[in-house]
Amino acid sequence: MNFVSIFQKLLRVIYNNMPLYNLNSDQKKFDLNFHESSIEINRLTLIFNKLCDNNKLTREYFRDFLSTIFDLNDEIIIERLFILIGQGEKTFSLKKFLSTINLLLYSSYDEQIKFIFRIYDVSADGNLQREELFTFLRKDLSIINDKEDADMILNEFITLIFKKFDKDQDGLISFDDYNRTCQENPTLIQCFGQVLPNIFRKHIVKSMLNGNLSKKEKYFK
Ligand SMILES: [Ca+2]
Ligand SMILES: [Ca+2]
């Protein structure tokens, strides 16, 4: 199934001024508690219904959706995202889908940095260890054929990362270390792998959901 064509189809439905139905009780909870407006929730629900089978969205379709629409393609990160949001389940409900989109599009800086840190903290002990960074960064050195060379380069690189991030030099990157380093240099916020979409992509998707896409910005057409 081609997700670009599915999304184009959905957009046609959305832009043909299809009357939006009233929010049901589940959707209303999102309207009250989340950043999206009723219109956005309605449109996201339409998208969810198109993507899913028996009211459940499979990991495969969700992965393709995140790649096509949000340009999120790091397989290790997406697996972590599914573990944290999907809690290990193979399919996602509408509630989980809306929560994920909400997080990707509307989270505050504090919510973002906390979530990114949780994604990187595989052992969930509140610290980043060398092994965790190794897991996330190893794929970036896949062009080096010799495994020993690649591992040595990566180990040296991780030592440099620790010099930068480990403020109290206890051999661990705590959330406080990470937060302080990112406050000093905001470009480092997702330096171990892209968790959230870039600003441009966020703007396009938000505009699309709001129905405010200008001719210039019809990126997905
Ligand atoms: Ca950890
Ligand atoms: Ca530390």
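Note that the structure is a prediction, hence the values are computed from the model and not measured. (Residues numbered from 1 in each chain as written. Chains lettered and ligands numbered in written order. Predicted model: local features only at pLDDT ≥ 70, side-chain atom pairs only at ≥ 80, totals over all residues.)

Draft legend 1. Broad picture of the overall build of the chain. Within the chain, the regular secondary structure consists of eleven helices and four strands. Sequence-distant contacts, at least 24 apart, represent 60% of the contacts inside the chain between residues at least 6 apart. (Helix = DSSP H or I, 4+ residues; strand = E, 2+ residues; numbered from the N terminus. Contact = placed C-beta atoms within 7 Å.)

Draft legend 2. Layout of helix 10 (residues 175-184). Within helix 10 the residues assigned to the buried category are Asp177, Tyr178 and Cys182. Looking down the long axis of helix 10, one finds its buried residues gathered within 120° of arc, a one-sided arrangement. Across helix 10 from its buried face, at more than 90 degrees, point the exposed residues Asp176, Gln183 and Glu184. (Buried ≥ 20, exposed ≤ 12 C-beta atoms within 10 Å, placed from the backbone. Arc of directions from axis to C-beta.)

Draft legend 3. Highlighting the confidence of the model for the chain. With 76% of its residues at a pLDDT of at least 70, the chain reaches an overall mean of 81. Averaged pLDDT values over the elements of the chain bottom out at 52 in helix 2 (residues 25-33) and peak at 98 in strand 4 (residues 173-174). Every residue in residues 213-221 is under pLDDT 50, and counting partners more than four places away or in other chains gives nine contacts. (pLDDT = per-residue confidence, 0-100.)

Draft legend 4. Summary view of the environment of arginine 201. Here arginine 201 shows up in helix 11 (residues 199-210). What makes arginine 201 partly exposed here is the crowd of 17 C-beta atoms within 10 Å. C-alpha separation for the pair arginine 201 and leucine 105, spaced 96 residues apart in sequence, amounts to 9.4 Å. Apart from the residues within four sequence positions on either side, arginine 201 is in contact with Phe70 and Asp71.

Draft legend 5. Examining the environment of lysine 95 more closely. Tracing the backbone shows lysine 95 in helix 6 (residues 94-106). Distance in space between the C-alpha atoms of lysine 95 and threonine 45 is 9.7 Å, their sequence separation being 50 residues.

Draft legend 6. Focus on the nonpolar core. Among the nonpolar cores identified, the biggest contains 37 residues, and Leu44, Phe48 and Phe97 are the most heavily contacted of them. Looking at this core, the elements that each hand over two or more residues are helix 3 (38-51), helix 4 (59-70), helix 5 (75-86), helix 6, helix 7 (109-120), helix 10 and helix 11. Examining the composition of this core, we find that six residues originate from one element, helix 6, more than from any other. Here phenylalanine 48 is in contact with Leu57, Leu94 and Phe97, once residues within four sequence places are set aside. (Core = buried A, V, L, I, M, F, W, Y, C linked by C-beta atoms within 7 Å.)

Draft legend 7. Expanded view of the packing of helix 3 against helix 6. Here helix 3 crosses helix 6 at 125°, and the two axes come no closer than 11 Å. Here helix 3 is positioned oblique relative to helix 6, judged by the angle of their axes. Helix 3 and helix 6 meet at a crossing whose hand is right-handed. Residues Ile41, Leu44, Thr45 and Phe48 of helix 3 form the contact with helix 6, whose own contacting residues are Leu94, Phe97, Leu98 and Ile101. By residue class, the composition of the contact of helix 3 with helix 6 is seven nonpolar, one polar and no charged. (Axes fitted to C-alpha atoms, helices over the stretch in contact; angles between N-to-C directions. Parallel < 35°, antiparallel > 145°, perpendicular 65-115°, else oblique. Left-handed = near helix turned anticlockwise from the far one by under 90°. Nonpolar A, V, L, I, M, F, W, Y, C, P; charged D, E, K, R; others polar.)

Draft legend 8. Here's a closer look at helix 7. Compared with the 16 Å implied by 1.5 Å per residue over twelve residues, the 17 Å span of helix 7 between its first and last C-alpha is a close match. Burial in helix 7 covers these residues: Ile116, Phe117, Ile119 and Tyr120. Here the buried residues of helix 7 occupy an arc of 155° about the axis, which is enough to place them on one side. Facing away from the buried side of helix 7, by more than 90 degrees, are the exposed residues Asp110 and Glu111. Summarising the contacts, the buried residues of helix 7 are in contact with helix 5, strand 3 (127-128), helix 8 (130-138) and helix 10. (Expected span 1.5 Å × (residues − 1).)

Draft legend 9. Summary view of unusual backbone geometry. Here aspartate 71, not a glycine, exhibits a phi torsion of approximately 60°, which is positive. With respect to the helices, strands and loops of the structure, aspartate 71 is situated in the loop between helix 4 and helix 5. For glutamine 169, which is not glycine, the phi dihedral falls at a positive 50°. Inspection of the secondary structure assignment puts glutamine 169 in the loop between helix 9 (147-165) and strand 4. With 9 C-beta atoms packed within 10 Å, glutamine 169 lands in the exposed category.

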